[in-house]
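Single-letter residue listing:
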Amino acid sequence: MVAASATTSVSGTSLHRRSELSRLYCSHLWFQLRDAVHENESAGSFYRGAVACVFDQLEPCKSEFTLLESNTYASEWYHAHKLLMWMYLRRGVYRKVVKHLRAMALLRPGNFTVESARQLFSTLAEYPSQVVSSSGPSELPYNMVDGNLFLPVSINGVSCHAMPDSGASISLISESDAAHLGMQIHWLGPRTLQIYGATGTQSDFGVAMASQLGLGRFCIKHVVLLVVKDDRLPFPAGYRVALGLPVLLALRTMRWSRDATFSFGFASSQSYSSKANLSFDGTDLIANTTVGDDPASVVIDTGSASTVLWPPFAQRFPAMMNQSASYGSSFVDGISGSAEFPHLQLPEVNLHLGDQSLLVRPAYVLTQVTTPNSRWLFGRVGVDALQPAAPVTIDFNAMRLHVQGRAN
């Protein structure tokens, strides 16, 4: 449903030293950067730390960045703080987000986006830090509403339903559901940084905190949520909640099957390795998919009912567009509302994930940029492509996505 981001994406700003590694970094080619760093013993602490960060390995990331020398270029220091800022944002550790934003502001004074982000996260940092007070392997039934997957949860002791949303950097709730659950809403001023949804249009919001969120055997305290107007989460009352990355990362593992069961908090089947097929691009969860032999990384968004491919796909595969595409338009929905964009329609696109695959049928390729990441990523894979491939497993410990395959 949403692709919420509260600060800037990892920019394509050139690092001071030009090299193949910096080209991969600035092009957001994280899987290729990982492979290049592993093959290059002299890659340096910045690039090793960057790889650790985008693959969500917090301690190795911090260790590499502490090795940066005092004469390291200011650009690398800036990006090191930016990567750590993203790491802590994904975890909902907003006080450390503010710390790294402060360092970024010192390195690049007057940066409007950084200053706006500091305003937002300084507000979020006033809330207590999210804490997992109990946990354990869990299984819940899920139901589908308008193509989205919802789980039974309790918030502040009141039962409701929530969508696991890997496309949301922070959890979300509608204004009326927040009031029903007894939350106090803090509406932010007009100059505070806004968030954008799947259309790329910005939207105003407030902030509230769930004192306690119950999800299976998990009890998570002090969950911060962004509050949006009811029409921005167009679901029935009691279903207008999206669990973003800070909550999903706290679960560590999750799996859903076609028999309407959703499991989470189970042990990982493997540890993190250089074969991981998931990474993060800022707060976007990225899968290392290919089309034929060509890399075509996409966002995995469990909060989106529909899959859409983006302009880089059309640019990379012009022959495919010319041979079998028909013209039309798509309505893209998100917390910023709905907007119509021109598209090229293909009968199908098969996104390979190693020896696994995600079949997008039909495939709509937008020819106009929406969100900032639609300038360099190839699309957003939603529940419509994931559900037929169930069981689907997302393991944040191993940074692995595993899909079973399409049912006959």
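Residues numbered from 1 in each chain as written. Predicted model: local features only at pLDDT ≥ 70, side-chain atom pairs only at ≥ 80, totals over all residues. Heavy atoms only, no water.

Asker: Tell me what's going on with helix H5 (residues 74-91), and back it up with residues and numbers.
Answerer: Here H5 spans 26 Å end to end across 18 residues, near enough to the 26 Å set by a 1.5 Å rise per residue. Here H5 lies mainly inside the structure; 14 of its 18 residues are buried. Gly92 sits one or two residues past H5 and shows a positive phi near 75 degrees. (Helix = DSSP H or I, 4+ residues; strand = E, 2+ residues; numbered from the N terminus. Expected span 1.5 Å × (residues − 1). Buried < 20%, exposed > 50% of the residue type's maximum accessible area, 1.4 Å probe, protein only.)

Asker: Can you explain the packing of aromatic side chains? Please cite residues and give values.
Answerer: With the rule as written, the count across this model stands at 15 aromatic pairs. Considering the side-chain rings of Phe313 and Phe317, the 4.8 Å spacing of their centres and the 50 degrees angle between planes classify their relative orientation as tilted. Each of the two residues, Phe313 as well as Phe317, counts as buried. By way of ring pairs, the aromatic residues Tyr25, Trp30, Phe46, Tyr47 and Phe65 are connected into one cluster. Over the ring of Phe266 we find Arg255; its NZ or CZ atom is 4.2 Å from the centre of that ring. (Phe/Tyr/Trp six-rings, centres within 6.5 Å; stacked < 30°, edge-to-face > 60°. Lys NZ or Arg CZ within 6 Å of the ring centre and 35° of its normal.)

Asker: Give a description of the side chain of Ser138 that names residues and reports values.
Answerer: Within the secondary structure, Ser138 sits in strand E2 (residues 138-141). Since its relative accessible area comes to 10%, Ser138 is described here as buried. If near-sequence neighbours (up to four positions away) are discounted, Ser138 is found in contact with Leu215, Gly216, Arg217, Phe218, Phe262, Ser263 and Phe264. (Contact = heavy atoms within 4.5 Å.)

Asker: Account for the pairing of strand E11 (residues 218-228), with residues named and values stated.
Answerer: Burial of E11 is extensive: nine of the 11 residues sit out of reach of the surface. Summarising the sheet, strand E6 (residues 171-174) and E11 pair through four bridges and their orientation is parallel. By the bridge assignment for E11, Ser174 is matched with Val228. Taken together, the nine bridges between strand E10 (residues 206-215) and E11 define a ladder with antiparallel strand orientation. (Pairing = 2+ DSSP bridges.)

Asker: So what's going on with the nonpolar core? Residues and values would help.
Answerer: Most often, soluble globular proteins have nonpolar side chains that are buried together. Formed by 131 residues in total, the largest nonpolar core has its most connected members in Phe121, Ile300 and Phe313. At nine residues, the largest contribution of residues to this core is made by H5. Residues Phe150, Met163, Phe235 and Tyr239 belong to the second largest nonpolar core, which totals five residues. (Core = buried A, V, L, I, M, F, W, Y, C linked by side-chain atoms within 4.5 Å.)

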